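Observations on the model geometry
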Amino acid sequence: DGGITQSPKYLFRKEGQNVTLSCEQNLNHDAMYWYRQDPGQGLRLIYYSQIVNDFQKGDIAEGYSVSREKKESFPLTVTSAQKNPTAFYLCASSIPGDRDNTDTQYFGPGTRLTVL
Amino acid sequence: AQSVTQLGSHVSVSEGALVLLRCNYSSSVPPYLFWYVQYPNQGLQLLLKYTSAATLVKGINGFEAEFKKSETSFHLTKPSAHMSDAAEYFCAAQVYQKVTFGIGTKLQVIP
């Protein structure tokens, strides 16, 4: 059963602590993405990776870091430098330039991070 | 750079009524266009996508969207709303490898 898993579903952390959000996919997709979702702001791209061992900053990368050591995994670390980390975080994957040249993205269920 | 505008952050319809969710895009080249749906506390799932093969695109759950180049629009419709359609809907545009999402429209279905 192919898909994307994100864990945990809910995460609570104290201010000033780094926290790592997990994202795993078994779809054999090359590209993976991290988005942040806030009410009324839609999805904003944090980081993306087109291939293993390579990743690029998205529109709001400050205060976040990622790694892509394996094709299946793309963990996101929310550092203490992120000023307002409380949000819903979504991971996605895709096959860039799929059969129809589109970049249809497949999303995980999300992790809701609350910083106390 | 492309942009996506969804008119109306909240839309309410009665059960059985027409659903119309608006999406306009701005792009220097013809984009691919998508509609995604998000149920509470879940990820997004693809409803339908426009790939230039046909201007009227049919998706899952009875939804369809029509690409109108002259109006730079890709509005989402469904003839008869069902309670299970209550969710948030996102329009997205892809130009080359860059995908841009709209801010979303929350659909409320009133019994």
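Read on for an overview of the structure. Note that the coordinates shown come from a computational prediction; the quantities given were computed from them, not determined experimentally.

The rules we used
- Position numbers for residues count from 1 along each chain, tracking the sequence in the order it is written.
- Chain letters and ligand numbers both follow the written order, the letters beginning at A and the numbers at 1.
- For a predicted model such as this one, the threshold for reporting local features is a pLDDT of at least 70, and the threshold for listing and counting side-chain atom pairs is 80 or more; totals across whole chains, interfaces and linings nevertheless cover every residue.
- Computation of side-chain values: all heavy atoms of the structure, hydrogens and water removed.
- For the purposes of this analysis, a disulfide is any pair of cysteine sulfur atoms at a distance within 2.5 Å.
- Runs of E in the DSSP output that reach at least two residues are strands. Runs of H or I that reach at least four are helices, and both are numbered from the N terminus.
- Buried means the residue's accessible area, taken with a 1.4 Å probe over protein chains only, is under 20% of the maximum for its type, while exposed means over 50%, and partly exposed covers the values in between.
- We call two residues in contact whenever any of their non-hydrogen atoms come within 4.5 Å of each other.
- Buried area, as used here, totals the accessible surface that two parts lose on assembly, with accessibility defined by a 1.4 Å probe and the loss added over both.
- One side-chain nitrogen of Lys or Arg within 4 Å of one carboxyl oxygen of Asp or Glu is enough to make a salt bridge.
- Basically, the charged four are Asp, Glu, Lys and Arg, the nonpolar ten are Ala, Val, Leu, Ile, Met, Phe, Trp, Tyr, Cys and Pro, and anything else, Gly included, counts as polar.
- Here a polar contact is recorded for every N or O atom pair within 3.5 Å, except that within protein the pair must consist of a potential hydrogen donor and a potential acceptor, and residues adjacent in sequence are included only if both atoms are side-chain atoms.
- Exposure above 30% relative accessible area and the lack of any salt bridge qualify a residue for a patch; like charges then connect within 9 Å, and the nonpolar side chains Val, Leu, Ile, Met, Phe, Trp and Tyr within 5 Å.
- The protein chains shown are the only cover counted for residues, whose accessible areas, like all others here, come from Shrake-Rupley with a 1.4 Å probe.
- Whether two strands pair comes down to DSSP finding at least two bridges between them.

**Focus on the state of the cysteines**
Summed over all chains, the structure comprises 2 disulfides over all chains. The side chain of Cys 23 of chain A participates in a disulfide bridge whose partner is Cys 91 of chain A; the two sulfur atoms lie 1.9 Å from each other. Judged by the torsion about the S-S bond (-75 degrees), the Cys 23 of chain A/Cys 91 of chain A disulfide is left-handed. Of the two residues, Cys 23 of chain A is situated in strand β3 (residues 19–25) and Cys 91 of chain A in strand β9 (residues 87–94); the sequence distance between them amounts to 68 residues. Cys 91 of chain A matches Cys 23 of chain A in its accessibility class, with the two residues each being buried. The disulfide partner of Cys 23 of chain B is Cys 91 of chain B, and the S-S distance across this bridge is 2.0 Å. Negative torsions about the S-S bond denote left-handed disulfides, and the value of about -65 degrees found for Cys 23 of chain B with Cys 91 of chain B makes this one left-handed. Residue Cys 23 of chain B is found in the loop between β3 (19–21) and β4 (24–26), and its partner Cys 91 of chain B is found in strand β10 (residues 87–95); the two are separated by 68 residues along the sequence. Neither Cys 23 of chain B nor Cys 91 of chain B differs from the other in exposure class; each is buried.

**Digging into the interface of chain A and chain B**
The interface is formed by 24 residues belonging to chain A together with 20 residues belonging to chain B. Buried surface at the junction of chain A and chain B, both sides included, amounts to about 1700 Å², of which 49% is carbon and sulfur. The three residues of chain A that bury the most area against chain B are Leu 43, Asp 103 and Phe 107 of chain A, which together make up 24% of that side's buried surface. There are 1 salt bridge connecting chain A and chain B. The salt bridge partner of Lys 98 of chain B is Asp 59 of chain A, with a shortest N-O separation of 3.5 Å. Within the residue set of the side of chain A that touches chain B, elements represented by two or more residues are β4 (31–38), β5 (42–51) and β9 of chain A. The element that contributes the greatest number of residues to the side of chain A that touches chain B is β5 of chain A, accounting for 3 residues. Residues belonging to the side of chain A that touches chain B are distributed by class as follows: 8 nonpolar, 11 polar and 5 charged.

**Structural notes on the pattern of salt bridges**
Residue and element names in this part refer to chain B. Considering all chains together, one arrives at 6 salt bridges over all chains under this definition. Close ionic contact of Asp 85 with Lys 78 constitutes a salt bridge, the shortest N to O distance being 2.9 Å. The class for Asp 85 is buried, based on a relative accessible area of 2%. Note on Lys 78: relative accessible area 11%, which makes it buried.

**Brief notes about the environment of Asp 30 of chain A**
Residue and element names in this part refer to chain A. Along the polypeptide, Asp 30 turns up in the loop between β3 and β4. Looking at Asp 30, the relative accessible area reads 34%, which means it is partly exposed. For the pair formed by Asp 30 and Ile 51, sequence separation is 21 residues and the distance between their alpha carbons is 5.5 Å. Every residue in contact with Asp 30, bar those within four places of it in the chain, is listed here: Ser 49, Gln 50, Ile 51, Arg 68, Lys 71, Ser 94 and Pro 96. Only 3.4 Å separates the side chain of Asp 30 from the side chain of Lys 71, close enough to count as a polar contact.

**Structural notes on a nonpolar patch on the surface**
On the surface, Tyr 10, Phe 12 and Leu 116 of chain A cluster together into a nonpolar patch covering about 370 Å² of accessible area. As for its position among the elements, Tyr 10 of chain A is in strand β2 (residues 10–13).

**Some details on the pairing of β9 of chain A**
Residue and element names in this part refer to chain A. Of all 8 residues in β9, 8 are buried, a share of seventy percent or more. Side chains of β9 alternate between two faces, with Ala 87, Tyr 89, Cys 91 and Ser 93 and Phe 88, Leu 90, Ala 92 and Ser 94 buried alike. Where β4 and β9 come together, 7 bridges link them in antiparallel fashion. Within β9, the residue paired with Met 32 across the bridge is Ser 93. When β9 meets strand β11 (residues 111–115), the two strands line up antiparallel, connected through 3 bridges. The residue bridging Ala 87 from the neighbouring strand is Leu 113, located in β11.

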